[in-house]
Amino acid sequence: MSDTSNPAAPAAIAPPPLAERLAAQLPYWIVPAMVVVGLALIGDLPAWGTLTLAGLAMGMMIFVMASGLTLVFGLMDVLNFGHGAFISVGAFVGASVMLALGGWMTAPSLWLNLAAVVAAILTAMAVTGGLGYAFERVIVRPVYGAHLKQILVTMGGLIVAEELIHLIWGPNEIPLTRPLALRGAWVFGEVAIEKYRVLAVALGAIIFLALRWALVRTKLGLLIRAGVENAEMVEALGYRVRMLFILVFVAGSALAGLGGVMWGLYEELITAQMGLNVLILVFIVVIIGGLGSVEGCFVGALMVGLMANYTGYLAPKLALGSNILLMVIVLMWRPRGLLPVGKG
Amino acid sequence: MIGTLLSGDLPRSKVLSVVMVAILLGLALAPFLFPGTRALNTAATICVFIVLVASYDLLLGYTGIVSFAHTMFYGIGAYGVAIMLDRMPGSWAAIGLGVAAGLAVAVALALVIGLFSLRVQAIFFAMVTLAVASAFMILASQLSGLTGGEDGLTYRVPRVLTPAFKLFQDKLFGVRVDGRIVDYYLVFFAALALFLLMLRIVNSPFGRVLQAIRENPFRAEALGYRTVVYRTVANGLGAGMAALAGVLMALWQKYTGPDTTLSLGIMIDILLMVVIGGMGTLYGAAVGAVIFILAKNYLQGLMGAASEALAGLPLIPHLVHPDRWLLWLGILFILSVYFFPTGIVGRLRK
């Protein structure tokens, strides 16, 4: 510690050893590694291409739904089981809009088709965003800081929302057909590339990049990240973390609604229970990624999507347990998730 | 005497005491007070759910951990007996084997889940259990060779428990005492014993530690109690009790399927019963179970009548439609978490 005697010339901080830097980067390499291992195991290029695209599409959609949940938890320590309700409501609102615009959906024009989908997505996001605001006001606000009550109350909110969906849209599941331009696949040699999956991957990637840009490059994002690390300190610096939180909650709900529309178009069938079913995947993703971490959530979502599709092809019997298995392995390796942030 | 039986945990409220005595007498004399298959079925369901809900309260109310896998353990118990009785129809040995296997699997699974998810953050537990339980439900319906798949298993119980068996030649108080009633009393006394056992557990020093962990895990750890160990053991105990409740249900219904034992709907029912009855007291579990099951079985009829009576009005008939009863219970649930976090029993004890 001879350096301390000479503060004018601080010693250059030695970069950490290579092994340490690699270990810190490790979680980011899991997804490419999974793709390569998948190719080695499947051995059939066309099948691998189809499965990888399907896995990425599924992962992107789950990421869209999970990102809001993980940020809400990170910022305000609120675990929102009602998130599933936003997914269902988004899907139902989107479906209603698309059914109302039936003429645009079946028109042989890509632009009209896309216009119908965009209209559905915007309406769904507006409705679920508004619903999120109401949910935060009425249901979540009185129970800050009490995990047990949060889980119970938001679960209650989910039950009520599911019943209200039954009340408004009737008890039956609604079949939803994709717009004309998004049906079918492009075929290159033996590889079939389903059009809708490409759209899902593109949309998911855009949202991830936009979210990352907003979080890393804007002042608002800086405050949100600081709030995730230490909300009290941000408050002490004079920022109203509550307003930030409402913003994030509304944005997260709107993203859940968007995810709901995408998922509904992917499955081509929507039910009131779909929110809860998808929520289970969302939870697995959020746990794998580390609660509160957007990057972790992204990595986790792609892992879950790829894992589900690869095992579905390689060992269908194992497929349903594969995500649980993935979660167990990750938790044993890194008990707080792949890329944990902030609170311990 | 009563103090010893109840492990010193008396109802501590006149109204509650009357309610508890009424529930006990009502269930004990159900076959004679309310003859008829439907009433007896309701009474047996109440007995089983009192055990199931009380065992959930052990986790939620006493230890302060939220699990969504309780129906999984309930289902494991039920399927243990069901599978054994399916292989060896009508034998007592099958029941014994089924109970042992179901208990062992349930407790082992609970300990494993507890060890890897309670270790880090208790909040993980709610999510992990939800994921595991949903995977288990799909697994149960896929292993159709073992579990009968979606259709479930229908099996034969020992002859003493079937309606063909007559305990007495003559009628007793105007009721023919057949195997169905023997079966009911088996369920009733087993449920009573399990309830008293759980009362014993929560009032033991072990139970006090659980409550300390619920109130302040950090402080409990500082006092030298390994919170992870206590939480995991509580989880195992709750799972074992839930599995035994499943066994009773399997013996009563003579049918076990994924919808009646494993579904998330039942999990939500249990959650509603605990919260409405009162968290953190086993009497609350009993009161909640009785109210909820009576409501489920009889309120829907009432709502149907109301819906028809109001048929001309807009929207309202849909709101009181029998299928929408969960809507009202959900709202009641949210309100009770806010305004009566101690539930009905907490109110009565004030």
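Definitions and cut-offs
- Residues numbered from 1 in each chain as written.
- Chains lettered and ligands numbered in written order.
- Predicted model: local features only at pLDDT ≥ 70, side-chain atom pairs only at ≥ 80, totals over all residues.
- Heavy atoms only, no water.
- Helix = DSSP H or I, 4+ residues; strand = E, 2+ residues; numbered from the N terminus.
- Rg over C-alpha atoms; globule rule 2.2 N^0.38 Å.
- Buried < 20%, exposed > 50% of the residue type's maximum accessible area, 1.4 Å probe, protein only.
- Contact = heavy atoms within 4.5 Å.
- Areas by Shrake-Rupley, 256 points an atom, 1.4 Å probe, with all protein chains shown as cover.
- Pairing = 2+ DSSP bridges.
- Polar contact = N/O pair within 3.5 Å; in protein donor to acceptor, adjacent residues only side chain to side chain.
- Phe/Tyr/Trp six-rings, centres within 6.5 Å; stacked < 30°, edge-to-face > 60°.
- Lys NZ or Arg CZ within 6 Å of the ring centre and 35° of its normal.
- Patch = residues over 30% accessible without salt bridge, like charges linked within 9 Å, V, L, I, M, F, W, Y side chains within 5 Å.
- Salt bridge = Lys/Arg side-chain N within 4 Å of Asp/Glu carboxyl O.
- Lys, Arg positive; Asp, Glu negative; His and termini not counted.
- Charge placed at Lys NZ, Arg CZ, Asp CG, Glu CD.
- Buried area = accessible area lost by both parts, 1.4 Å probe.
- Axes fitted to C-alpha atoms, helices over the stretch in contact; angles between N-to-C directions.
- Parallel < 35°, antiparallel > 145°, perpendicular 65-115°, else oblique.
- Left-handed = near helix turned anticlockwise from the far one by under 90°.
- Expected span 1.5 Å × (residues − 1).

When helices and strands are counted, chain B shows 18 helices and 2 strands. For chain B, the C-alpha radius of gyration of 21 Å lies close to 20 Å, the compact-globule estimate for 350 residues. Oriented by its inertia axes, the alpha-carbon framework of chain B measures out at about 65 × 55 × 50 Å. Relative to its 350 residues, chain B shows a buried fraction of 55%. When contacts within chain B are restricted to residue pairs at least 6 apart in sequence, those whose partners lie at least 24 apart make up 74%. In the structure as shown, chain B presents an accessible area of about 14700 Å², 70% of it carried by carbon and sulfur atoms.

This part is about the pairing of strand β3 (residues 191-194) of chain A. Residues and elements named next belong to chain A. One ladder, built from 4 bridges, connects strand β2 (residues 185-188) with β3; its direction is antiparallel. Pairing of F188 across the sheet is with V191, part of β3. In this antiparallel pair of consecutive strands, β2 and β3, the connection spans 2 residues, and G189 shows a positive phi of 60°.

This brings us to the environment of G114 of chain B. Inspection of the secondary structure puts G114 of chain B in helix α6 (residues 92-117). G114 of chain B gets classed as buried once you look at its relative accessible area, which sits at 0%.

A separate point is the side chain of T261 of chain B. Residue and element names in this part refer to chain B. By secondary structure assignment, the location of T261 is in helix α13 (residues 258-261). Only 2.8 Å separates the side chain of T261 from the backbone oxygen of G257, close enough to count as a polar contact. In this structure, T261 is in contact with T71, Y74, G75, A78, Y79, T256 and I266, ignoring residues within four places of it in sequence.

Glancing now at the packing of aromatic side chains. Going through the model one piece at a time under the given rule, you end up with 21 aromatic pairs over all chains. Ring geometry for W263 of chain A versus Y266 of chain A: centroids 5.8 Å apart, planes at 50°, classification tilted. Of this pair, W263 of chain A and Y266 of chain A both sit in helix α10 (residues 241-267), 3 residues apart, which is roughly one turn of the helix. In this pair, the class of W263 of chain A matches that of Y266 of chain A, namely buried. Aromatic side chains Y184 of chain B and W252 of chain B sit 6.2 Å apart centroid to centroid with 75° between the ring planes, which places their arrangement in the edge-to-face category. Here W252 of chain B lies in helix α12 (residues 227-253) and Y184 of chain B lies in helix α9 (residues 179-202), a separation of 68 residues in the sequence. Note on Y184 of chain B: relative accessible area 0%, which makes it buried. Under the relative-accessibility criterion, W252 of chain B is labelled buried at 1%. An aromatic cluster is present here, built from Y184, Y185, F188, F189 and W252 of chain B joined pairwise through their rings. One residue, R334 of chain A, lies across the ring of W333 of chain A, its end atom 4.8 Å from the ring centre. The positively charged end of R180 of chain B is found above the aromatic ring belonging to W252 of chain B, 4.0 Å away from the centroid.

It is worth spelling out a positive patch on the surface at this point. Residue and element names in this part refer to chain B. A contiguous patch of positive charge, built from R159, K166, K171 and R176, is present on the exposed surface. Assignment of secondary structure puts K171 in the loop between β1 (153-154) and α9. The class of K171 is exposed, set by a relative accessible area of 51%.

Every contact between the two is made by 40 residues of chain B and, on the other side, 38 residues of chain A. Across the interface of chain B and chain A, roughly 3600 Å² is buried in total on both sides, 85% from carbon and sulfur atoms. The largest contributions to the chain B side of the interface with chain A come from I123, M127 and Y338 of chain B, which together make up 19% of the buried area. There are 0 salt bridges connecting chain B and chain A. If you look at where chain B meets chain A, you find 2 residue pairs in polar contact (both at pLDDT 80 or more). Mapped by element, the contributors of at least two residues to the side of chain B that touches chain A are α7 (122-142), α14 (264-277), α16 (316-319) and α17 (325-339) of chain B. Looking at which element gives the most residues to the side of chain B that touches chain A, the answer is α7 of chain B, with 13 residues.

Residue and element names in this part refer to chain B. Axis separation between helix α4 (residues 37-63) and helix α15 (residues 282-309) bottoms out at 7 Å; the angle between their running directions is 140°. Classified by the interaxial angle, the pair formed by α4 and α15 is oblique. In this structure, α4 crosses over α15, and the sense of that crossing is right-handed. Of α15, the residues touching α4 (which contributes R38, A39, T42, T45, I46, F49, I50, V53, A54, D57 and Y62) are L282, A285, A286, A289, V290, I293, L294, N297 and Y298.

A separate point is the side chain of S67 of chain A. All names here are of chain A. In this structure, S67 sits in helix α2 (residues 45-76). The class for S67 is buried, based on a relative accessible area of 1%. Once residues lying within four places of it in the same chain are set aside, the contact partners of S67 are L211, L255 and C297.

Now for unusual backbone geometry. At E268 of chain A, a residue that is not glycine, the phi angle is positive and equals roughly 60°. Of note, E268 of chain A is situated in the loop between α10 and β4 (269-270). A residue is classified by how much of its surface remains accessible, and E268 of chain A, at 32% relative accessible area, is partly exposed. Non-glycine residue K254 of chain B carries a positive phi angle of around 60°. Here K254 of chain B falls in the buried class, since its relative accessible area comes to 15%.

Attention now goes to the environment of A239 of chain B. All names here are of chain B. Mapped onto the fold, A239 is located in helix α12. Separated by 166 residues in sequence, A239 and F73 have C-alpha atoms that sit 5.5 Å apart. With near-sequence residues (within four places) excluded, A239 lies in contact with F73, A106 and A110.

Before going further, it helps to spend a moment on the packing of helix α6 (residues 147-169) of chain A against α14 of chain B. The geometry of α6 of chain A relative to α14 of chain B is characterised by a closest axis approach of 12 Å and an angle of 125° between their N-to-C directions. Taken together, α6 of chain A and α14 of chain B sit at an angle that is classed as oblique. Here α6 of chain A and α14 of chain B pass one another in a crossing that is left-handed. The residues of α14 of chain B that touch α6 of chain A, namely those facing L152, M155 and I159 of chain A, are I268, L271 and V275 of chain B.

This part is about helix α7 (residues 195-217) of chain A. Residue and element names in this part refer to chain A. End to end, α7 covers 32 Å across 23 residues, agreeing with the expected 33 Å (1.5 Å per residue, within 8%). Within α7, burial applies to Y196, R197, A200, V201, G204, I207, F208, L211 and L215. Buried residues along α7 sit against α2, β3, α8 (219-229), α10 and α12 (294-314).

What is shown is where atoms sit, not what they do.
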